[in-house]
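In case you want the letters, here they are:
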Amino acid sequence: MKVVALVSGGKDSCFAMMRCIDYGHQIVALANLIPLDDSVDELDSYMYQTAGHQIIVSYAECMGLPLFRTRIHGSTREHSVNYRMTPGDEVEDMYTLLHEVKRQIPSINAVSSGAIASDSDYQRMRVESVCSRLGLVSLAYLWKQDQITLFEEMIRRGIVAVTVKVAAIGLSPSEHLGRELKDLKSHLLKLNEKYGIHVCGEGGEYETLTLDCPLFHNARIVIDKYKGILDNPNSTIASVGVLHPLAFHLEQKNASLGHTPAVYEVEGNPTSTQVAGLHMLDSEFDSDETNKGVDFRISSTGRKLFSIGCWIRNSSKTSNGLEKDLAAVLREIELRLGAEGFGWVNVLYIHLYISDMKKFAHANEVYVKYITGTKCHFGVPSRSTIELPLVECGSGGAYVEVLVAREPERKKVLHVQSISCWAPSCIGPYSQATQYKGVLYMAGQLGLDPATMDLCAGGPMAELEQALQNSNAIATSFNASVMTSTFLFVIYCSARLTSSEKTQVQEQLRSSFDSSDGPTFLYVIASDLPKGASVEVKPVVYTPEIEEEDEELKMGKLRTQLEKISGKLQLDETCYQFRNINGKLLSAIVSITNTEASKICSQQDGSVIQFQCGSKKDMKTIATFCASFVAKILCENGFSWDDLVILRFYYPTRLLLSGDVMDCVFSEAFLDKSMKLGEEALFSLVPVIGSGQSSSADDLITCELLASQL
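Predicted model only: the values in this text are computed from it and were never measured. Residue positions within a chain follow its written sequence, with the count starting from 1. Side-chain atom pairs in this predicted model are given and counted only at pLDDT of 80 or more, local residue features only at pLDDT of at least 70, and totals for whole chains, interfaces and linings cover all residues. Calculation of side-chain values draws on the structure's entire complement of heavy atoms; hydrogens and water are dropped beforehand.

**A short note on the side chain of Thr486**
Here is step 1: Within the secondary structure, Thr486 sits in strand β21 (residues 486-494).
Here is step 2: Under this definition, polar contacts are N or O atom pairs within 3.5 Å; protein pairs additionally need one hydrogen-donor-capable and one acceptor-capable atom, and for neighbouring residues in sequence, both atoms have to be side-chain atoms. Among the polar contacts listed, one links the side chain of Thr486 to the backbone oxygen of Val482, at a separation of 2.7 Å. Under the scheme used here, helices are H or I runs from DSSP no shorter than 4 residues and strands are E runs no shorter than 2 residues, and both carry numbers assigned from the N terminus.

**What to know about the packing of aromatic side chains**
Here is step 1: Any two of the Phe, Tyr and Trp rings considered here, Trp counted by its six-membered ring, make a pair once their centres fall within 6.5 Å; the pair's planes then place it as stacked at under 30 degrees, edge-to-face at over 60, or tilted in between. Following the criterion strictly, the structure yields 20 aromatic pairs and no others.
Here is step 2: With 5.6 Å between their ring centres and 25° between their planes, Phe625 and Phe629 make a pair best called stacked. Here Phe625 pairs with Phe629, and both are found in helix α15 (residues 616-636), just 4 residues apart, close to one helical turn. Considered together, Phe625 and Phe629 belong to a single accessibility category, that of buried residues.
Here is step 3: The structure contains a cluster of three or more aromatic residues connected by ring pairs, namely Trp641, Phe649, Phe666, Phe670 and Phe683.
Here is step 4: Charge-over-ring placement is defined geometrically: NZ (Lys) or CZ (Arg) within 6 Å of the ring centre, and within 35 degrees of the ring normal. Over the face of the ring belonging to Tyr367 we find Arg383, whose NZ or CZ atom lies 4.4 Å from the ring centre.
Here is step 5: Lying over the aromatic face of Tyr430, Arg383 brings its terminal NZ or CZ to 4.1 Å of the ring centre. Between buried and exposed lies partly exposed: a residue is buried under 20% and exposed over 50% of the maximum accessible area for its type, with that area taken using a 1.4 Å probe on protein chains only.

**A short note on the packing of α15 against helix α16 (residues 659-671)**
Here is step 1: To get an axis, a line is fitted to the C-alpha atoms, and for a helix only the part in contact is used. The angle between two axes follows their N-to-C directions and goes from 0 to 180 degrees. Their axes nearest at 8 Å, the elements α15 and α16 cross at an angle of 45°. Relative to α16, the element α15 lies oblique. At the point where α15 passes α16, the crossing takes the right-handed sense. Between α15 and α16, the residues in contact are Lys616, Met619, Lys620, Ala623, Thr624, Cys626 and Ala627 and Val661, Met662, Cys664, Val665, Phe666, Glu668, Ala669 and Phe670, respectively.
Here is step 2: Residues are grouped as follows: Ala, Val, Leu, Ile, Met, Phe, Trp, Tyr, Cys and Pro are nonpolar; Asp, Glu, Lys and Arg are charged; every other residue, Gly included, is polar. When the residues that make up the contact of α15 with α16 are grouped by side-chain class, the tally is 11 nonpolar, 1 polar and 3 charged. Our angle categories are set so that under 35 degrees counts as roughly parallel, over 145 as roughly antiparallel, 65 to 115 as roughly perpendicular, and the remainder as oblique. Should the near helix be turned counterclockwise from the far one by less than a right angle, the crossing is left-handed, whereas a clockwise turn marks it as right-handed. What makes two residues a contact is simply this: any of their non-hydrogen atoms within 4.5 Å.

**Overview of the sheet that holds strand β18 (residues 439-442)**
Within a beta sheet, neighbouring strands are joined by backbone hydrogen bonds and run either parallel or antiparallel to one another.
Here is step 1: Sheet architecture is open: 7 strands sit in the order β16-β17-β18-β23-β21-β22-β29, paired in mixed fashion. Strands with a single pairing partner mark the edges of an open sheet, and in this sheet they are β16 (412-414) and β29 (690-692). Within the sheet, the average angular offset between the axes of one strand and its neighbour, ignoring direction, is 15°.
Here is step 2: Strand pairing requires that DSSP identify at least two bridges connecting the strands. As paired strands, β16 and strand β17 (residues 433-436) are joined by 3 bridges and run antiparallel to one another. Note on β17: the bridge partner recorded for Leu414 is Ala433.
Here is step 3: Packing against the sheet, helix α10 (residues 460-476) makes contact with β16, β17, β18, β21 and β23 (535-542), and its axis sits at approximately 30° to β23.

**Some remarks on empty space enclosed by the protein**
Here is step 1: The rule is simple: put a 1 Å grid over the protein atoms alone, call a set of points where a 1.4 Å probe fits but cannot get out a cavity, call an open set with protein on both sides within 12 Å along at least five of seven lines a pocket, and count a residue as lining if it has an atom within 4 Å of a point. Grid points are joined across faces, edges and corners, and a volume is the space filled by probe spheres set on the points. Evaluation of the coordinates by the stated rule reveals 5 cavities of 30 Å³ or more.
Here is step 2: Of the pockets and cavities examined, the largest cavity occupies roughly 140 Å³.
Here is step 3: Lining the largest cavity are 16 residues, with Tyr349, His351, Tyr441, Ile646 and Arg648 sitting closest to its centre.
Here is step 4: Elements with a contribution of two residues or more to the lining of the largest cavity: β13 (347-354), β15 (398-405), β18, β23, β27 (644-652) and β30 (701-708).
Here is step 5: When grouped by side-chain class, the residues that make up the lining of the largest cavity number 10 nonpolar, 2 polar and 4 charged.

**What about the environment of Ser477?**
Here is step 1: Within the secondary structure layout, Ser477 lies in the loop between α10 and α11 (482-485).
Here is step 2: The exposure class of Ser477 is partly exposed, given its relative accessible area of 22%.
Here is step 3: Once residues within four sequence positions are removed from consideration, Ser477 is found in contact with Lys144, Leu414 and Trp422.
Here is step 4: At 2.3 Å, the side chain of Ser477 and the side chain of Lys144 are in polar contact.

**Digging into the side chain of Glu153**
Here is step 1: In this structure, Glu153 sits in helix α5 (residues 147-156).
Here is step 2: Other than its neighbours up to four places away in sequence, Glu153 contacts Phe15 and Arg19.

**Some points on the pattern of salt bridges**
Here is step 1: Salt bridge criterion: a side-chain nitrogen from Lys or Arg within 4 Å of a carboxyl oxygen from Asp or Glu. This model, assessed by the stated rule, comprises 27 salt bridges.
Here is step 2: With a closest N to O distance of 2.8 Å, Glu153 and Arg19 form a salt bridge. One end of the pair, Glu153, is in helix α5; the other, Arg19, is in helix α1 (residues 11-22), and 134 residues separate them in sequence. Neither residue differs from the other here; Glu153 and Arg19 are each classed as buried.
Here is step 3: Between Glu407 and Arg410 there is a salt bridge, and its shortest N-O distance comes to 3.9 Å.
Here is step 4: On the basis of relative accessibility, which here comes to 33%, the residue Arg410 falls in the partly exposed class.

Here it is, written out as structure tokens:
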């Protein structure tokens, strides 16, 4: 990609540019925001006075790139981390600056910034907001990287930077101001060990000015004269000192610097109100016509935290097209949410099942017309997307399930749109993970290299390893670990995988978790996955809120809380998995295999029979058993129907039964249990290539249950 780099003069923005080049991007312009004189205190104004003002300009000459600059006219008016466009806010000055860069250089499609610390979300999310509105990609390759490793790499790779401000215990202006970073390395490492200071200065301990780096092809900067200013020099804790450059010159590296690159002073206050992703519905998907004549099937669970599923019943096994079907389904869910006094802001998670992964981009275009950051002001939902045989089973071209919370203000959303080395970015209105009342619902993770967003090479096992790394990086952001805190683990495998490859996936996963205290596992064989991936993993992680933790959990002994429930059930014990966490969370995976199905059918009439695929009578017997079994699971673990969060039944196409038939027999089975379900199903029926507790995924029916009393 062609990149404009936000530069401040410090080491971080320069090294971020180097990282961009490492990953194959091209830096084509620089951009700099100049504070107004009254927006910075006297000590911090060194970069924008006298010679200091010209040093940033000289970067353009050193690198041979155009520089765009503008003064900050606004102030901080929007204080929340999740920035929303606010007239008069200083972020709008960044918008004005980058808008002008893009106007003059239309080929630019990305922005580089030097944010490092995980607690610099405030800065990162503002850059992402502007990028989203301009259709640019945010590149933040230093974000969440280990600071000691970064610091050492900056020095090793030739970043020559001097301290122009020190403001931390252990840093003396008289001794450490104006020193090169390489000379301060050992001292900073000692201060990190002794006081916990940020080695890269992310806590404001010091600031730097880059005088030379490998990107300065034409010249390096030499400071000829400077002035030091001290604030409270007699402080017993930490004196603050700033170095003001008064004179400098450029020392040529080439025989001639050649032409001087243009410096553009961008004028004017931001006036645009355009927000990418804030779309009005196209006339093609007009709300009055979208759902006309469409036969929907709606499912709904629970009361406090619940799921709503929506699919289109089409017995002719045809589709109006993925885009139209998806628009209709999303609109129907939107109407249903509104009728209950909810909106997309209440949605924590979205399962998006589509009939054709080749149309994934088109599906996203429809998706962003309904789910936007503006509608989801507490954070956009997390999401997983897979291709399933929907049309073949009479379920239309798109099927959507949403997880809905009554108290959206209690959710915590991690939405990183910047491409970094941390974990795959989510560029659009879907987030990496959503935490709600002690449970982390993570977006489906592919084996993507975060820095390039390409699938890692090496096949299914390499993809799985990378997907697990990505998942754990996300869990770590919530002070959790996928390996020790996951209680439900869903693995989507592409139908392209061979039996041997699927077995390898299962063996690798089993070896990654403790066999006795590990999560419940569910394998689903999908027709296809995004980007043609081999595997996609979806961990559900227990992350108890502080007020809900007992002493044992505070000691980190979560795994002792994962209790495998046993009892005299009507299935072979190898056909079910339960995890009950403190009587508050219940996860269950139940497999009805061909062998168990024949036993169940035989139990009903006393004779020994074989289950017949395509037999509505046999499936009704199985459905009745499943309804009884689910009721038994809930009752024996102290949960009620109102506690249901998820109740899914996966069925393979080899059953030779349409979605309408499956819906009919399961609805009758649950009503036979005298459950007060109203007109809506309490369950979702999901057609798949295969599913099960093992990677063989040869169940006739697989039940996935999640209940919560949190």
